[in-house]
Amino acid sequence: MKLATWNVNSLTVRLPQVLDWLMTNQVDVLVLQELKMTDDKFPLQAFQQIGYEGHCFGQKTYNGVALLSRSPATEVVRNIPGFADDMARVISADVNGVRVIGGYFPNGQEPGSDKFEYKRNWLKGLRNWVREELAKNPRLVLMGDYNITFDDADVWDPVGLKDTIHCTEEERYHLRALIALGLNDAYRLFPQTPKSYSWWDYRDFGFRRNRGLRIDHILISDALKPLATSCLIDRTPRKNERPSDHAPVMLELLQP
DNA sequence: ATGCCTCAGCTCCTGAGA
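These notes cover the structure that comes with them. Each chain has its residues counted from 1, following the order in which its sequence is written. Chain letters start at A and ligand numbers start at 1, both assigned in the order the entries are written. This being a predicted model, a pLDDT of at least 70 is required before a residue's local features are given, and a value of 80 or more before pairs of side-chain atoms are given or counted; all residues contribute to the totals for chains, interfaces and linings. Hydrogen atoms and water are omitted, and side-chain values are computed over all heavy atoms in the structure.

Attention shifts here to the sheet that holds strand E6 (residues 90–95). Any two strands with at least two DSSP-identified bridges between them are counted as paired. Every helix listed is a DSSP run of H or I at least four residues long, and every strand listed is a run of E at least two residues long, numbered separately from the N terminus. The sheet built from 6 strands is open, its strands ordered E5-E6-E7-E8-E12-E9 with mixed pairing. Each of the sheet's edge strands pairs with one partner strand only, and the pair in question is strand E5 (74–78) and strand E9 (183–185). Averaged over all pairs of adjacent strands, the angle between strand axes in this sheet comes to 20°, irrespective of strand direction. Relative to strand E8 (residues 140–145), strand E7 (residues 98–104) is paired through 6 bridges, and the arrangement is parallel. Each residue of the ladder has a partner; that of Tyr104, found in E8, is Asp145. Axes here mean lines fitted to C-alpha atoms, for a helix over just the part in contact, with angles spanning 0 to 180 degrees between N-to-C directions.

Right, here's the structure in full:
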């Protein structure tokens, strides 16, 4: 079973690349972030034509998430139950006996800002809900654009970016608190090339210079950990002519 | 401190992203 996450930065612009990537990689589940479109614009038919069903939780201009799968997705839930949120950031479903949660975590803009306060509250709300979900569904995957680095290994310039957004101790605390619920950073379960990132700034040739951050993550529950066989970041789509600033992250699991 | 780049939209500038 292959699962993946990708922040596409506008599904309108990136649809041809997403279809191409799905046909090449044949993943069973793909969660998307930053659709930047309302539900009525979601290109469901295009996904159906290549063998996927899709569930969308969209919003005008900003945010927006979706879950695509080859097998039926059931028990589809939008947003975080118990956490009131105006923004479309989370979609979850059961697929092949796995509870899959796709999330677009708040950016936070800058420590001390209103948006950082929102990020803090959102992370707490997410954690409280994921704790309950894990109790009900031991086989759980939480993946998406976390907008948080785990540590310096996830940052191209840890000195220059110390304590800046995505790299603050407080954000990293929230990430570790998710791990403490019984989740594992799938990427680090396997040997990886040093300086591997999932996002590169569009500006200043960020990708060409490999000036990036690893902020897109796949967390898997303790029950799934022994079933994981690989986890990788696919940089190929970042080389496209009009790429998203994020690359997809992919996990392979033995079918539970 | 800002621009650098990209995208959406009440579009020829602005806000937001990260």
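Text resumes after the structure shown.
Neighbouring DNA strand B are 26 residues; Ser10, Glu34, Asn107, His166 and Arg203 lie closest to it. What you see for DNA strand B is that sugar and phosphate hold 69% of its atoms within 4 Å of the protein. For this analysis, a polar contact is any N or O atom pair within 3.5 Å, provided that within protein one partner can donate a hydrogen and the other can accept it, and provided that sequence-adjacent residues contribute only side-chain to side-chain pairs. At 2.8 Å from a phosphate oxygen of DNA strand B is found a side-chain nitrogen or oxygen belonging to Glu34. Contact distances for DNA strand B include 2.5 Å between a base nitrogen and a side-chain N or O atom of Arg203. Note on residue categories: nonpolar means Ala, Val, Leu, Ile, Met, Phe, Trp, Tyr, Cys or Pro, charged means Asp, Glu, Lys or Arg, and polar means any other residue, Gly included. Here the residues of the surface near DNA strand B are counted per class, giving 7 nonpolar, 10 polar and 9 charged. Only a single heavy atom is needed: when it lies within 4 Å of a molecule or strand, its residue is near that molecule or strand.

This next bit is on the pattern of salt bridges. Salt bridges are identified by distance alone: a Lys or Arg side-chain nitrogen within 4 Å of an Asp or Glu carboxyl oxygen. A complete count under the given rule lists 14 salt bridges for this structure. A salt bridge links Arg120 to Glu117, with the shortest nitrogen-to-oxygen separation between them at 2.3 Å. Placement of the pair is Arg120 and Glu117 together in helix H3 (residues 114–136), with a separation of 3 residues, close to one helical turn. Accessible area is worked out with a 1.4 Å probe on protein chains only. A residue is then buried under 20% of its type maximum, exposed over 50%, and partly exposed in between. On the basis of relative accessibility, which here comes to 36%, the residue Glu117 falls in the partly exposed class. One salt bridge connects Asp152 with Arg172, and the closest N-O pair in it is separated by 3.6 Å.

If you walk across this open sheet you meet the 6 strands as E3-E4-E2-E1-E14-E13, and the pairing is mixed. At either margin of the open sheet sits one strand with a lone partner, and together these are strand E3 (53–57) and strand E13 (228–233). If you compare each strand with its neighbour and ignore which way they point, the axes differ by 10° on average. Pairing analysis gives 5 bridges linking E13 to strand E14 (residues 249–253), with the strands arranged antiparallel. Pairing of Ala228 across the sheet is with Leu253, part of E14.

This part takes up the environment of Arg188. The topology assignment puts Arg188 in the loop between E9 and strand E10 (199–200). Separated by 41 residues in sequence, Arg188 and Asn147 place their C-alpha atoms 17 Å apart. Throughout, a contact is declared for two residues whenever any of their heavy atoms are within 4.5 Å. Excluding anything up to four places from it in sequence, Arg188 contacts Ala153, Asp154 and Arg214.

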